[in-house]
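Coordinate inspection notes
One letter stands for each residue in the lines below.
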Amino acid sequence: MLEISISKVANVILMARELNRAEGELRAFLENLNEDELASLVAIMWIGRESFDADDLEEAIATAKTEASTPTADYLLGTPHLSDHLENGLDALGLSASDEEDDLVRGG
């Protein structure tokens with residue numbers, strides 16, 4: 001079970017798309033997430049880049065918690081195609097952030 005809201009994932013996806021403009025904002029957002037939320041975010045990204053299968057979500061979250069060797073914000077910001085991996089990970093889990101992304105873009 002994910003320990004982060006789809007809305008927060010949508011926020012990360014939107015900021016990651018504009019990384020050259022929003023890196024500071026994204027870093028601050030990530031640094032305000034708790035350990036469980038960050039581990040879920042990393043797990044979604046890993047599933048999206050096919051390091052784990054969607055069926056292995058719990059294992060991916062546990063691995064993210066136990067193998068975190070660098071600050072998670074640094075790790076995620078250094079990941080190429082972060083927004084794509086997050087979207088693909090949500091898709092693999094049968095979830096979508098598109099409604100939340102639309103709301104955020106519209107300021108809702």
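1. Section: the side chain of Thr63
As for its placement among the helices and strands, Thr63 is situated in helix H4 (residues 57-66). Those residues in contact with Thr63 that lie beyond four places of it in its chain are Trp46 and Phe52.

2. Structural notes on H4
Of the positions making up H4, those classed as buried are Leu57, Ala60, Ile61, Thr63 and Ala64. The arc that holds every buried residue of H4, seen down its axis, measures 160°, which confines them to one face.

3. Thoughts on the side chain of Ser83
Along the chain, the position of Ser83 falls in helix H6 (residues 82-92). What Ser83 contacts, discounting residues up to four positions off in sequence, is Ile13, Ala16 and Arg17.

4. Description of the environment of Leu33
Position of Leu33 among the secondary structure elements: in the loop between helix H2 (19-31) and helix H3 (35-48). Residue classification places Leu33 among the buried residues on the basis of a relative accessible area of 9%. Counting along the chain gives 37 residues from Leu33 to Thr70, while the straight-line C-alpha distance between them is 15 Å. For Leu33, the residues in contact, after removing those within four places along its chain, are Ile4, Lys8, Leu38 and Leu41.

Scoring rules and cut-offs
Residues numbered from 1 in each chain as written. Predicted model: local features only at pLDDT ≥ 70, side-chain atom pairs only at ≥ 80, totals over all residues. Heavy atoms only, no water. Helix = DSSP H or I, 4+ residues; strand = E, 2+ residues; numbered from the N terminus. Contact = heavy atoms within 4.5 Å. Buried < 20%, exposed > 50% of the residue type's maximum accessible area, 1.4 Å probe, protein only. Arc of directions from axis to C-beta.

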